[in-house]
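Single-letter residue listing:
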Amino acid sequence: MTYIMGHLGEIGDLTLQHMGLVAAGLFLAMVIALPLGVLAARNSHIGAPIFALTGVLYVIPSLALLAVAVRYIGLGWAPVILVLAAYAQFILVRNIATALTSVSPAQIDAARGLGMTARQQFFRVEIPLATPVLISGLRLATVALIAIATLGGYVGAGGLGDEIFLGLQRKYIEQTLAGSIPAALLAIILDALLRLAERSSRARVG
């Protein structure tokens, strides 16, 4: 642990970079996944090919997908964020569709009976009731992307992958651990926080 103790400032900076990559990837993923999830929930005929496409993206090896992205976009953070957003689709789209279809039709009918428009029903009834399931999907996606974002060190995007790949190249286990341990701790901490948020939202809905 001598290496880690001697490079705490650098590891802290890389951890922040890593969090930035994951946050940007999740944001882009949600922008794409939300309309796709809504479409899949509303129309099963559209949902089937959407699920199939996101499933295909998910089974492609992350390094191979990153190599394709780098070829057309170049090195840096952009291809990493794109790959993170692509991988998150499998989890988020299915989760959003499941969350929306789990809302009781009786509650939607009640909202309609109160004179709510379709837009009001969606934002005031469906989304609040679906929030616990949505947070669950976000938690799974976050943990998965923290691991995948370590590939950023391979293409000059920064993050904890820098320490991991440099350590592997130098066959220096302590430097590899300096990237691996913070990434694992980050995943554990964010998983715990999102679990608490999920339980809190379930309590409010209940």
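Residues numbered from 1 in each chain as written. Predicted model: local features only at pLDDT ≥ 70, side-chain atom pairs only at ≥ 80, totals over all residues. Heavy atoms only, no water.

Draft legend 1. Structural view of the side chain of Gln 175. Its place among the elements puts Gln 175 in helix α9 (residues 173–205). Polar side-chain contacts of Gln 175 include one of 3.1 Å to the side chain of Glu 163. (Helix = DSSP H or I, 4+ residues; strand = E, 2+ residues; numbered from the N terminus. Polar contact = N/O pair within 3.5 Å; in protein donor to acceptor, adjacent residues only side chain to side chain.)

Draft legend 2. Structural detail: the nonpolar core. Formed by 43 residues in total, the largest nonpolar core has its most connected members in Leu 66, Val 80, Leu 84, Leu 100 and Leu 145. Those elements giving two or more residues to this core turn out to be α2 (8–42), α4 (62–73), α5 (77–101), α7 (118–148) and α9. Broken down by element, the residue count for this core peaks at 15 residues, all from α5. Leaving out residues up to four positions away in the same chain, Leu 84 has contacts with Leu 21, Val 22, Gly 25, Leu 145, Ile 148 and Ala 149. In this structure, Tyr 3, Ile 4, Ile 11 and Ala 183 belong to the second largest nonpolar core, which totals seven residues. (Core = buried A, V, L, I, M, F, W, Y, C linked by side-chain atoms within 4.5 Å. Buried < 20%, exposed > 50% of the residue type's maximum accessible area, 1.4 Å probe, protein only. Contact = heavy atoms within 4.5 Å.)

Draft legend 3. Representation of helix α3 (residues 44–59). Taking 1.5 Å of rise per residue, 16 residues should cover 22 Å, and α3 covers 22 Å from first to last C-alpha, within 8% of that figure. Residues Gly 47, Ile 50, Thr 54 and Gly 55 constitute the buried set of α3. Buried residues in α3, looked at end-on, bunch into an arc of 135°, giving them a common side. Pointing more than 90 degrees away from the buried face of α3 are the exposed residues His 45, Leu 53 and Val 59. The inward-facing, buried residues of α3 contact α2 and α5. Among the residues of α3, the N-terminal cap falls to Asn 43, whose side-chain oxygen and the backbone nitrogen of His 45 are separated by 2.9 Å. (Expected span 1.5 Å × (residues − 1). Arc of directions from axis to C-beta.)

Draft legend 4. Main features of the pattern of salt bridges. What the rule picks out here adds up to six salt bridges. Between Asp 109 and Arg 112 there is a salt bridge; the shortest N-O distance is 2.7 Å. Of this pair, Asp 109 and Arg 112 are both found in helix α6 (residues 105–113), three residues apart, which corresponds to roughly one turn of the helix. A residue is classified by how much of its surface remains accessible, and Asp 109, at 43% relative accessible area, is partly exposed. Put simply, Arg 139 and Asp 191 hold a salt bridge, and the shortest N to O gap is 3.0 Å. (Salt bridge = Lys/Arg side-chain N within 4 Å of Asp/Glu carboxyl O.)

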